[in-house]
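# Survey of secondary and tertiary structure
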Amino acid sequence: MIKAKKKFGQNFLIDPIIIYKILQSVNPLKNQSFLEIGAGKGALTRALLNKVKMLDSVELDRDLIPELKKLAFSVKNLRIKENNILDIRLNKKSTNKLRVIGNLPYNISSQIMLWSFENSESFQDIHYMFQREFGERLLSSPGRKSYGRLSVLTQYMFKTVSLFLVPPESFKPRPSVESIFIKFIPISEKKINSKEAIMLQKVTKLLFTKRRKKISKTFKDLLPLNKIIDLKIDPDNRPESLSLKDFLKITTYLLKRKNG
């Protein structure tokens, strides 16, 4: 029997009730193509197969590949890719938008979110299972300790919907914390490599690396005090108090100044 590997952060989903809830929430259709991140032992893979046109499942653990390939050999709409999802680049020009789904390991959840930003133009929507603490960081609002740079960038790129919590006993091995299932819908006009997004990344990196400082002190060489006030932002605020709208005000001002 193949055991979960700590180096991959594996917790295999085994709960048929949760798998049913996932399918109800995702509502896969026969004419749709899906990309599954981390097929694992194939519990969710099998549940999706008879509901979608094509399923591409990515799995890095080579010990799991033989059984997954046996499954793929028995059907016509499953392709197994032995790869690290972070190394896969999708065709942004394709008119066929993918639906993405995955039960993600905590140790690379941040990296997969950054990968999702990079490839968002290829997606219709995304459904990810995270450990609860990490998922709530993505959904967090200003003023909370969990609110940070990744919260801002996620909410800039996607509309987010918290779907449901998943108890530890739904997995094997059993994790020590709850998980959360979240839907992400790409905002079509937002591109992570646009001038606005690149500046937003710089602004959030600068501020959240000094999150205990007042923004007026962090910005003293970039944004005059009077300009912060003109933007209707309290200069005594700290980064976790700023909304996405506030960050975009600062971003827009810095872009205009840069472009003269």
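Residues numbered from 1 in each chain as written. Predicted model: local features only at pLDDT ≥ 70, side-chain atom pairs only at ≥ 80, totals over all residues. Heavy atoms only, no water.

## Things to note about the sheet that holds strand β7 (residues 158-166)
Applicable threshold: Each pair of strands is called paired provided DSSP finds at least two bridges between the two strands. Numbered from the N terminus, helices here are DSSP runs of H or I no shorter than four residues, and strands are runs of E no shorter than two. Here, axes are lines fitted to C-alpha atoms. For helices the fit covers the stretch in contact, and angles between N-to-C directions go from 0 to 180 degrees. The contact rule is simple, with two residues in contact once any of their heavy atoms fall within 4.5 Å.
Ordered in space as β4-β3-β2-β5-β6-β9-β7, the seven strands form an open sheet in which the pairing is mixed. This sheet does not close on itself; its edge strands, each paired only once, are β4 (78-82) and β7. Recorded for the sheet is a direction-independent mean angle of 15° between the axes of neighbouring strands. Bridge count between strand β5 (residues 98-103) and strand β6 (residues 123-131): six bridges; the pairing is parallel. Paired with R99 across the strands is D125, a residue of β6. Docked against the sheet, helix α6 (residues 149-157) engages β7 and β9 (179-186), running at close to 115° with respect to β7.

## Digging into the pairing of β5
Counted only if it meets this: Summary of the burial criterion: residues with accessible area below 20% of their type's maximum are buried, those above 50% are exposed, and those between are partly exposed, where the area comes from a 1.4 Å probe applied to protein chains only. For crossovers, right-handed means that the path from the first strand over the helix to the second runs clockwise, given strands pointing away from the viewer.
Burial analysis of β5 places five of its six residues in the buried class, which makes it a mostly covered element. Pairing of strand β2 (residues 33-37) with β5 involves four bridges; the strand directions are parallel. Looking at β5, one finds that E36 is bridged to I101. With helix α4 (residues 109-118) bridging β5 and its parallel neighbour β6, the resulting β-α-β unit is right-handed.

## Observations regarding the nonpolar core
In plain terms, the rule: Residues belong to one nonpolar core when they are buried, are Ala, Val, Leu, Ile, Met, Phe, Trp, Tyr or Cys, and are joined through side-chain atoms within 4.5 Å.
I85, M113, Y128, F130, F184, F247 and I250 are the most contacted members of the largest nonpolar core, which totals 49 residues. In terms of nonpolar packing, the next biggest core, distinct from the first, is built from 28 residues, I18, L71, L78 and I101 among them.

## So, the packing of aromatic side chains
Threshold: Note on ring pairs: Phe, Tyr and Trp rings are taken, using the six-membered ring of Trp, and paired if centres are within 6.5 Å. Classes follow the plane angle, with under 30 degrees stacked, over 60 edge-to-face and the rest tilted. Definition used: whenever NZ (Lys) or CZ (Arg) falls within 6 Å of the ring centre and also within 35 degrees of the ring normal, the charge is taken to sit over that ring.
A complete count under the given rule lists eleven aromatic pairs for this structure. Ring centres of W115 and F123 lie 5.7 Å apart, and the angle between their planes is 40°; on these two criteria the pair is classed as tilted. Here W115 and F123 have matching classes, each one buried. Of the aromatic side chains, those joined through ring pairs into one cluster are Y106, F117, Y128, F130, F134, F158 and F184. If you follow K21 out to its NZ or CZ, it ends over the ring of F164, 4.4 Å from the centre.

## Observations concerning the layout of surface pockets
Spelled out, the test is: A cavity here means a set of 1 Å grid points, computed over protein atoms only, where a 1.4 Å probe fits but cannot escape. A pocket is an open set with protein on both sides within 12 Å along at least 5 of 7 lines, and lining residues have an atom within 4 Å of a point. Grid points are joined across faces, edges and corners, and a volume is the space filled by probe spheres set on the points.
Considered as a void within the structure, the second largest pocket measures approximately 290 Å³ in volume. As for the second largest pocket, its lining consists of 15 residues, of which S33, S94, N96, K97 and L98 are closest to the centre.

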